[in-house]
Amino acid sequence: EAQVTQNPRYLITVTGKKLTVTCSQNMNHEYMSWYRQDPGLGLRQIYYSMNVEVTDKGDVPEGYKVSRKEKRNFPLILESPSPNQTSLYFCASTSRREGPDTQYFGPGTRLTVL
Amino acid sequence: LAKTTQPISMDSYEGQEVNITCSHNNIATNDYITWYQQFPSQGPRFIIQGYKTKVTNEVASLFIPADRKSSTLSLPRVSLSDTAVYYCLVGEDGGATNKLIFGTGTLLAVQP
């Protein structure tokens with residue numbers, strides 16, 4: 001089954017404790033992105049990647065890091081999480097062959113930073 | 001990036017046709033219009049996409065006038081399970097840069 005998976009689905013942590021949210025897709029997509037969703041603000045792009053070893057900042061990259069060492073994986077790293085990073089996070093992937101703007105989203109990771 | 005404007009919320013009843021209109025006055029020549037559906041605590045799901053005139057699939061229809069400054073998502077005979085947030089997006093360079101701008105969407109509430 002074609003899908004985007006994220007782990008963990010739920011995470012409660014404390015300020016300053018480094019964490020990684022994993023994202024993996026099995027569709028051989030070259031494009032991958034991370035979004036955060038907050039009430040009243042909609043979905044905002046954090047980082048995106050056009051292909052292996054190619055990443056770029058989205059609209060809200062502060063406090064986040066990403067890496068794209070393999071085509072299928074695109075982990076999101078919070079080196080020193082803070083309470084304002086409490087949010088619902090989505091990973092997405094797509095490919096040029098899918099058509100413009102047609103992204104496949106993962107199930108989401110709900111993060112709480114105390 | 002073209003900004004989109006759509007109603008914050010809409011109400012409907014089961015079996016009715018629902019039309020959600022989105023305005024995008026600054027749409028660029030290369031931009032496509034894409035609609036996503038999102039249920040609570042789930043990732044958005046692609047519904048339909050078009051460039052001009054009319055597009056129809058098994059889920060919805062998309063109407064785009066000649067000036068492309070607006071678009072209308074049409075959901076035929078909605079059911080309770082269509083209650084969700086619907087986002088209208090206008091891509092940058094047809095999505096070539098993988099950058100999507102989601103607004104706050106339209107919350108569609110379908111009642112029995």
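Residues numbered from 1 in each chain as written. Chains lettered and ligands numbered in written order. Predicted model: local features only at pLDDT ≥ 70, side-chain atom pairs only at ≥ 80, totals over all residues. Heavy atoms only, no water.

Trainee: Can you walk me through the overall build of chain B in this structure?
Mentor: Along its length, chain B carries zero helices and nine strands. In chain B, the succession of α and β elements from N to C terminus is β-β-β-β-β-β-β-β-β. Taken over C-alpha atoms, the radius of gyration comes to 13 Å for chain B, in line with the 13 Å a tight globule of 112 residues would show. Overall size of chain B, expressed as C-alpha extent along the three principal axes, is 40 × 30 × 25 Å. Per-residue burial for chain B yields a buried fraction of 46% across its 112 residues. Summing over all exposed atoms, chain B offers an accessible surface of approximately 5,400 Å²; the carbon and sulfur share of this is 51%. (Helix = DSSP H or I, 4+ residues; strand = E, 2+ residues; numbered from the N terminus. Rg over C-alpha atoms; globule rule 2.2 N^0.38 Å. Buried < 20%, exposed > 50% of the residue type's maximum accessible area, 1.4 Å probe, protein only. Areas by Shrake-Rupley, 256 points an atom, 1.4 Å probe, with all protein chains shown as cover.)

Trainee: What is the right way to read the state of the cysteines from this model?
Mentor: Every disulfide links exactly two cysteines, by a covalent bond between their sulfur atoms. With the rule as written, the count across this model stands at two disulfides over all chains. The side chain of Cys23 of chain A participates in a disulfide bridge whose partner is Cys91 of chain A; the two sulfur atoms lie 1.8 Å from each other. Torsion about the S-S bond of the Cys23 of chain A and Cys91 of chain A cystine: about -70°, corresponding to left-handed handedness. Separated by 68 residues along the polypeptide, Cys23 of chain A in strand E3 (residues 19-25) and Cys91 of chain A in strand E9 (residues 87-94) bring together distant segments of the chain. Paired by a disulfide, Cys22 of chain B and Cys88 of chain B hold their sulfur atoms 2.2 Å apart. Between Cys22 of chain B and Cys88 of chain B, the S-S dihedral sits near -80°, and the bridge is therefore left-handed. Residue Cys22 of chain B is found in strand E2 (residues 18-23), and its partner Cys88 of chain B is found in strand E8 (residues 84-90); the two are separated by 66 residues along the sequence. Residue Cys22 of chain B is classed as buried on the basis of its relative accessible area of 0%. Cys88 of chain B sits in the buried class, given a relative accessible area of 0%. (Disulfide = S-S within 2.5 Å.)

Trainee: For this particular structure, what's the right way to read the sheet that holds strand E5 (residues 53-56) of chain B?
Mentor: Two pairing modes exist for strands in a sheet, parallel and antiparallel, and in both the strands are linked by backbone hydrogen bonds. All names here are of chain B. Sheet architecture is open: four strands sit in the order E2-E7-E6-E5, paired in antiparallel fashion. Both outer strands of the open sheet, E2 and E5, are each paired with one neighbouring strand and no more. Pairs of neighbouring strands in the sheet enclose a mean axial angle of 15°, with direction left out of account. Relative to strand E7 (residues 70-75), strand E6 (residues 61-64) is paired through three bridges, and the arrangement is antiparallel. Residue Phe63 lies in a different strand from E7, and its bridge partner there is Thr72. (Pairing = 2+ DSSP bridges. Axes fitted to C-alpha atoms, helices over the stretch in contact; angles between N-to-C directions.)

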